[in-house]
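# Remarks on the overall topology
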2 protein chains.
Amino acid sequence: METVLTSRTKQLAIGPDHPFCIIGERINPTGRKRLAELLAAGDFSVALEDAVAQVAAGAHALDLNAGVPLADEAALLRELVLRVQDAVDIPLCLDSSVVEALEAALAVCEGKPLVNSVTAEAARLERILPLVAAHGAAVIGVVTDEQGIPATAAGRLANARRIIEAAADHGIPPEDVVIDPLAMAVATDPAAPRVTLETIRLVTEELGANTSLGASNVSFGLPERGAVSAAFLTMAITAGLTAAIMNPLASETITAVRASELLTGKDEYAMRWITASRAAAHG
Amino acid sequence: METVLTSRTKQLAIGPDHPFCIIGERINPTGRKRLAELLAAGDFSVALEDAVAQVAAGAHALDLNAGVPLADEAALLRELVLRVQDAVDIPLCLDSSVVEALEAALAVCEGKPLVNSVTAEAARLERILPLVAAHGAAVIGVVTDEQGIPATAAGRLANARRIIEAAADHGIPPEDVVIDPLAMAVATDPAAPRVTLETIRLVTEELGANTSLGASNVSFGLPERGAVSAAFLTMAITAGLTAAIMNPLASETITAVRASELLTGKDEYAMRWITASRAAAHG
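Here's what I pulled together on the structure shown here. Computed from a predicted structure; not experimentally measured. Residues take numbers from 1 onward in each chain, read along the sequence in its written order. Each chain takes a letter, starting from A, and each ligand takes a number, starting from 1, following the order in which they are written. Under the rules for a predicted model, residues below a pLDDT of 70 receive no local features and side-chain atom pairs below 80 are neither given nor counted, while totals for whole chains, interfaces and linings still include all residues. The side-chain numbers reported here are obtained from all heavy atoms of the structure, hydrogens and water having been left aside.

Residue and element names in this part refer to chain A. Strands were regarded as paired on the criterion that DSSP finds at least two bridges between them. Secondary structure elements are defined from DSSP: runs of H or I of at least 4 residues count as helices, runs of E of at least 2 residues count as strands, and each element is numbered from the N terminus. Here 8 strands make up an open sheet; going across it, the order is β8-β7-β6-β5-β4-β3-β10-β9 and the pairing parallel. Because the sheet does not close on itself, it has two edges, and the strands there are β8 (177-180) and β9 (212-214). Each adjacent strand pair in this sheet contributes to an overall mean axis angle of 30°, direction not counted. Against the sheet, helix α6 (residues 153-169) touches β6 (114-119), β7 (138-142) and β8, its axis set at about 160° to β8. Axis lines are fitted to C-alpha atoms, over the contacting stretch for helices. Their N-to-C directions set the angle, which ranges from 0 to 180 degrees. Two residues form a contact once any of their heavy atoms are found within 4.5 Å.

Buried and open spaces are told apart on a 1 Å grid over the protein atoms alone, a cavity being a set of points where a 1.4 Å probe fits but cannot get out and a pocket being an open set with protein on both sides within 12 Å along at least five of seven lines. Residues with an atom within 4 Å of a point are the lining residues. Grid points are joined across faces, edges and corners, and a volume is the space filled by probe spheres set on the points. Going through the model one piece at a time under the given rule, you end up with 2 cavities of 30 Å³ or more. Along the walls of the largest cavity sit 13 residues, with B:Ser7, B:Arg8, B:Gln85, B:Ile90 and B:Glu110 positioned nearest its centre. Approximately 60 Å³ is the volume found for the second largest cavity. For the second largest cavity, the full set of lining residues is A:Thr6, A:Ser7, A:Arg8, A:Gln85, A:Val88, A:Asp89, A:Ile90, A:Pro91, A:Leu92, A:Cys109 and A:Glu110. Classes in brief: Ala, Val, Leu, Ile, Met, Phe, Trp, Tyr, Cys and Pro nonpolar; Asp, Glu, Lys and Arg charged; the others, Gly included, polar. Classifying every residue of the lining of the second largest cavity gives 5 nonpolar, 3 polar and 3 charged.

A word on the sheet that holds strand β10 (residues 243-246) of chain B. Across a sheet, strands are paired by hydrogen bonds formed along the backbone, either parallel or antiparallel in direction. All names here are of chain B. Reading across the sheet, the 8 strands line up as β8-β7-β6-β5-β4-β3-β10-β9 and stay open at both edges, with parallel pairing between neighbours. Of all the strands in the sheet, just β8 (177-180) and β9 (212-214) have a single pairing partner and so form its edges. Ignoring strand direction, the axes of neighbouring strands in this sheet form an average angle of 30°. Sheet topology places β9 next to β10; 3 bridges connect them, and they run parallel. Within β10, the position partnered with leucine 213 by the bridge is alanine 244.

This next bit is on the packing of aromatic side chains. Any Phe, Tyr or Trp ring, taking Trp's six-membered ring, that has another such ring centre within 6.5 Å forms a pair; planes under 30 degrees apart are called stacked, those over 60 apart edge-to-face, and the others tilted. A full pass over the atoms with the stated rule returns 0 aromatic pairs over all chains. For a lysine, the NZ atom is tested; for an arginine, the CZ atom; a charge sits over a ring if that atom is within 6 Å of the ring centre and within 35 degrees of the ring normal. Taking the ring centre of A:Trp273 as reference, the NZ or CZ of A:Arg258 above it sits at 4.7 Å.

Here B:Asn28 shows up in the loop between β3 (21-24) and α1 (33-40). Leaving out residues up to four positions away in the same chain, B:Asn28 has contacts with B:Leu35, B:Asn65 and B:Asp95.

Attention now goes to the side chain of A:Ser7. Residues and elements named next belong to chain A. Topologically, serine 7 is positioned in the loop between β1 (3-6) and β2 (11-14). Relative accessible area serves as the criterion here: at 8%, serine 7 is assigned to the buried category. One polar contact links serine 7 to aspartate 89, side chain to side chain, over a distance of 2.7 Å. The residues touching serine 7, leaving out its near neighbours within four places in the chain, are Asp89, Ile90, Pro91, Glu110 and Gly111. Partly exposed residues are those whose accessible area sits between 20% and 50% of the maximum for their type, while under 20% is buried and over 50% is exposed, using a 1.4 Å probe and protein chains only. Think of a polar contact as two N or O atoms within 3.5 Å of one another; within protein, one of them needs to be a possible hydrogen donor and the other a possible acceptor, and neighboring residues in sequence only count if both atoms come from side chains.

Attention now moves to the relation of the copies chain A and chain B. Fitting of the copies onto one another was done by least squares over C-alpha atoms, counting residues only where both copies have pLDDT of at least 70. Screw-axis analysis of chain A against chain B gives a translation of 0.0 Å along the axis, an RMSD of 0.0 Å, and a rotation angle of 180°. Each copy turns onto its partner about a two-fold axis. The position closest to the rotation axis in chain A is occupied by the C-alpha of A:Met235, lying 2.9 Å away. Interface overlap between copies: 100% of the residues of chain A at the interface are likewise at the interface in chain B, consistent with a symmetric, same-surface contact.

Written out as structure tokens, the structure reads:
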């Protein structure tokens, strides 16, 4: 299955027969105090620097989050979309838990973005899917439901199926739903990564859907987080993961993605590996 | 299944319920000109430095190879075993394709070593298994046969089964046969890593046997070999690999092993990860 996103002039295909899709995570004020302050003050300079830097580092799409406490998130996300799509020509991932913010962002976003996100909760499905359908967007379906995060891969698969079916009821084709299997911190739950990997495998095999996750959650609370995220991404790509919201400026994780593509046969004769290695040596 | 090796006073268990087993690869003159020259001249100083350094870096066992061209390999490997087991007290992996060298090394090796290796070729099985049995050693069974390296995982599994059955005929229990699924260079065969990973899965699930591989072959001919080996080891450990002959001094690969153990639930609550990370920060 192939999820196609577009920007003003560019097209991006996500799927098992395409390069692993790197969605830049940096434009997100959570835990970034200075970015939060600047965005709240209407200063987009750092956000735009982040956009350009992530594209230069190999991001295929950019996640945009404007969740600054006390700010008008709808107005801010709308403005962020307008600024970023004028600065870089790659597809966007509109990231908010506030429906009005998604609505405002979709209204001005050029091309076909990825809406981040809907869950399997009935109330969320009913609010967000009509928006996604009306704008011809794609959507990330996070496998949580009214009871929270299912402890088992089977439970997460059931929620993924529920989201894809609800999307179909709204006229959204299955290829436009990218499933987030949820990666939780291994420091607090030693079994968490295995449940996530099994969910990726099940969603890939049983539903044929594309998957995307936030690669940095798994290492939360640990030292040397980059190395944990790198190994986890390697495992997830082997299990079938097709995209991740991650930091393309973190060389350890980017290198792991490239090595994983090489070892899973997505980089025949190591052309991309060798090219990237040369670029790094001369960069 | 649990493969137990011993040194003079220490015991090492290899298996899915034990820490991933790191067999230090450094004491091998192949591609190390200076080491080859020193060994040929009867100078074991660098070999012993390598032994101590690898143990300090976390090796659980040491591979010893004395394959110096034109040298008397049997005499050299015998002497190497004597010197190394006086210097460090961890199990040894006696590495030679020359039967007489294995015989000479086994004669002086204290404890229960791992013989590296036998293949599924009838002539090799008939020569090497009696030696292994007579010394109560364990053995690495490489999945090649008279026709070479099987292209498919099913073919490699069949050879693994053949080796384990032949070992049983010689009174060697199945837990004392560690299967090498063979890792070939991805640069020349893009499908090679996937066949190896599938072989690990099949050998683990169908035979319950432990597996060990040479982790550096896969990156042969490529730049940034450490990153490729690290990602491959991560995938192999996820597939069930229980040991590798590798360089414990290469921090990139060692970090990948530790992260993989953490993510596959072999390092509950990240105790080893955090300890190793602190040691690295202060080391």
